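Here is how the chains run, residue by residue.
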Amino acid sequence: MTTVLEPRIDYQALIKEDRVHGRLYYDPDVFEDEFAKIWHRGWVYVGHDSEVAEPGDYRTKHIGRQPVIMTRDEEGEVRLLLNRCAHRGNLVCQNERGSANVFRCAYHGWTYSNKGPLIGATFMGAYGDSFRKEDFGLTKVPRVASYKGMIFGSLSATGPSL
């Protein structure tokens, strides 16, 4: 027996040639569907490169619900990093903007470079011999692209180019 999954939302019933149903504006299922199909798969405008004009400059942003740090490293590259500590998921950058070469998690003090790698963890010896800093950097936004200074990010590793 083959099971066919019905879509949770019948958009054809909600969208007519001359009107749309109000449910499209308030339904939590529609909202979640948009996050899954748009915010977490496609390209999202994050900011303009002038917002991080100098090496070390950063701005905190969001791609959908994901907090990100838009930062310019020492080589001048704009990077998008998830603003979550690899240790316990706490925000590592609390301020909306500033200039810093490192980000430190307020929860346990793990420190990351503005390129993303873990620089140091408090009480590193307590994690055992198998602990490797290389495995615990900030997660990079899978795809980053720029168009005329506008920075876009995609949380999906695959998909069409910008």
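Keep in mind it's a predicted model, so treat the numbers as computed, not measured. (Residues numbered from 1 in each chain as written. Predicted model: local features only at pLDDT ≥ 70, side-chain atom pairs only at ≥ 80, totals over all residues. Heavy atoms only, no water.)

**Remarks on the sheet that holds strand 8 (residues 118–120)**
How we decide: Here a strand pair is declared whenever DSSP counts at least two bridges between the two strands. Every helix listed is a DSSP run of H or I at least four residues long, and every strand listed is a run of E at least two residues long, numbered separately from the N terminus. Fitted lines through C-alpha atoms give the axes, limited to the stretch in contact for helices. The angle between two N-to-C directions lies from 0 to 180 degrees.
Ordered in space as 6-7-8, the 3 strands form an open sheet in which the pairing is antiparallel. Since the sheet does not close on itself, it has two edges, and those belong to strand 6 (102–104) and strand 8, each with one partner. Neighbouring strand axes in the sheet, compared pairwise and without regard to direction, differ in orientation by 35 degrees on average. Of the strand pairs in this sheet, strand 6 and strand 7 (residues 111–113) are connected by 3 bridges, and their pairing is antiparallel. Within the sheet, the bridge partner assigned to Arg104 lies in strand 7 and is Thr111.

**Quick word on the pairing of strand 2 (residues 57–63)**
As a reminder, the rule being used: Summary of the burial criterion: residues with accessible area below 20% of their type's maximum are buried, those above 50% are exposed, and those between are partly exposed, where the area comes from a 1.4 Å probe applied to protein chains only.
Counting buried residues along strand 2, 5 of its 7 residues qualify, which places the element largely inside the surrounding structure. Sheet topology note: the strand 2/strand 5 (residues 97–99) ladder contains 3 bridges and is antiparallel. From the neighbouring strand, Tyr58 faces strand 5, where its bridge partner is Gly98. As paired strands, strand 2 and strand 3 (residues 66–72) are joined by 6 bridges and run antiparallel to one another. Bridge pairing in strand 3 places Lys61 opposite Val68. Hairpin connection of strand 2 to strand 3: 2 residues between the antiparallel strands, including Gly64 at a positive phi of 60 degrees.

**Things to note about helix 3 (residues 28–39)**
For clarity, the cut-off: The term polar contact refers here to a pair of N or O atoms within 3.5 Å; inside protein, the definition further demands a hydrogen-donor-capable atom paired with an acceptor-capable atom, and it admits residues adjacent in sequence only when both atoms are side-chain atoms.
Along helix 3, the positions that sit buried rather than exposed are Val30, Asp33 and Phe35. Among the residues of helix 3, the N-terminal cap falls to Asp27, whose side-chain oxygen and the backbone nitrogen of Asp29 are separated by 2.5 Å.

**Focus: the packing of aromatic side chains**
Note the cut-off: Centres within 6.5 Å make a pair out of two Phe, Tyr or Trp rings, where for Trp the six-membered ring is used; the pair is then stacked when the planes are under 30 degrees apart, edge-to-face when over 60, and tilted otherwise.
Using the criterion set out here, one finds 8 aromatic pairs in the structure. Judged by centre distance (5.4 Å) and plane angle (85 degrees), the ring pair of Tyr58 and Phe103 falls under edge-to-face. With Tyr58 in strand 2 and Phe103 in strand 6, the pair connects residues that are 45 residues apart, well separated along the chain. When sorted by exposure, Tyr58 lands in the same class as Phe103, which is buried. Where Trp110 meets Phe131, the ring centres are 5.8 Å apart and the plane angle is 80 degrees; that geometry is what we call edge-to-face.

**What to know about the pattern of salt bridges**
Put simply, the rule reads: By definition here, a salt bridge exists when the distance from a side-chain nitrogen of Lys or Arg to a carboxyl oxygen of Asp or Glu is within 4 Å.
Scanning the entire structure with this criterion turns up 12 salt bridges. With its nearest N and O atoms 2.5 Å apart, the salt bridge here joins Glu75 to Lys115. In this pair, Glu75 is assigned in the loop between strand 3 and strand 4 (78–82) and Lys115 in the loop between strand 7 and strand 8, connecting sequence segments 40 residues apart. For Glu75, a relative accessible area of 58% puts it in the exposed group. Under the relative-accessibility criterion, Lys115 is labelled partly exposed at 25%.

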